[in-house]
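Structural description and commentary
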Amino acid sequence: MKTKEKCDCEKKNSDPDAKVGVQRNKANQNKFFIGYRKHSIVCPTPSGPIVLLSIILPPDTSDVNVLLPLLEKLKQIGDLKVEYLAADLGYFSAEHQEVAQVEYNVAVVTDFKKNTLIPETCSPEGKPECEAGHELIWDGFDRKTYTSWFNGEENKCMSCPLQTTCDKQFSFSFKETPFFYGPVPQGSKPQNQMLHFRKQVELAFAHESN
């Protein structure tokens, strides 16, 4: 029985840092690939989305560990100010969202996962409510104290049995629950617009890769 001979020749065109990754399902293609994955920050412009910066990492690098390195690269670009960053659930991390806001002054906007613990002061959709169960109206975010402010809806407050004991103004700490009390509240119009833009960018990248 013959054994396979070993070759001591120097390997060419090999990359020891390349790893196995998983890509989007594509017709007639294996879902696995060997190489790298690009993570980008994209900005909307009148001419369409443009890439501000990208970093290339092995595909087995978890997305959640990429957010802060991206922000650090962004910080190194002079005279460029980014206050909001819409990301998919791969970058979903309360700890990293807090660091992004406190250390980089960037609000990371994401949806939340199905198994996320929703505060008692929020509806199942993650929208803050008053004690009577009425949805609150967002009134702004104090970046100095990291406090999100909400008001009661006037029409509902007038007929509420708790109106005499209610201040009709509510404050929530971003640091306690970053997903729900950040500069861009869940279910708000700004959040919907940002997440819609992110989906458009994803579709554009998917089209390019095909």
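Everything here concerns the structure above.
Report on the accompanying structure. Keep in mind that what you see is a predicted model, and the values were worked out from it rather than measured. (Residues numbered from 1 in each chain as written. Predicted model: local features only at pLDDT ≥ 70, side-chain atom pairs only at ≥ 80, totals over all residues. Heavy atoms only, no water.)

Some details on the side chain of His-96
Note the cut-off: A run of DSSP states H or I qualifies as a helix once it reaches four residues; a run of E qualifies as a strand once it reaches two. Both are numbered from the N-terminal end. In what follows, a contact means two residues having at least one pair of non-hydrogen atoms within 4.5 Å.
Its location among the elements puts His-96 in helix H2 (residues 94-104). Setting aside residues up to four positions removed in sequence, His-96 forms contacts with Val-64, Asn-65, Leu-67 and Leu-68.

As for the environment of Leu-71
Note the cut-off: Whether a residue is buried, partly exposed or exposed follows from its accessible area with a 1.4 Å probe, protein chains only, as a fraction of its type maximum: under 20%, in between, or over 50%, in that order.
Checked against the element boundaries, Leu-71 lands in helix H1 (residues 67-75). For Leu-71, a relative accessible area of 2% puts it in the buried group. Between the C-alpha atom of Leu-71 and that of Ala-100, which follows or precedes it by 29 residues, the distance is 7.5 Å. Apart from residues lying up to four places away in sequence, Leu-71 is in contact with Leu-85, Ala-100, Tyr-104 and Val-106.

A look at empty space enclosed by the protein
Unoccupied space between atoms shows up once a probe the size of one water molecule is rolled over them. Short version of the rule: Space inside and on the surface of the protein is sampled on a 1 Å grid over the protein atoms alone, with a cavity defined as a set of points where a 1.4 Å probe fits but cannot get out and a pocket as an open set with protein on both sides within 12 Å along at least 5 of 7 lines; lining residues have an atom within 4 Å of a point. Grid points are joined across faces, edges and corners, and a volume is the space filled by probe spheres set on the points. Nonpolar residues are Ala, Val, Leu, Ile, Met, Phe, Trp, Tyr, Cys and Pro. Charged residues are Asp, Glu, Lys and Arg, and all others, Gly as well, are polar.
Under the defined criterion, the tally for this structure stands at 1 cavity of 30 Å³ or more. Counted as a void, the largest cavity has a volume near 110 Å³. Together, 15 residues line the largest cavity, and Gln-97, Val-108, Val-109, Pro-178 and Val-184 are the ones closest to its centre. The element contributing the most residues to the lining of the largest cavity is strand S6 (residues 107-109), with 3 residues. Residue composition of the lining of the largest cavity, by class: 9 nonpolar, 6 polar and no charged.

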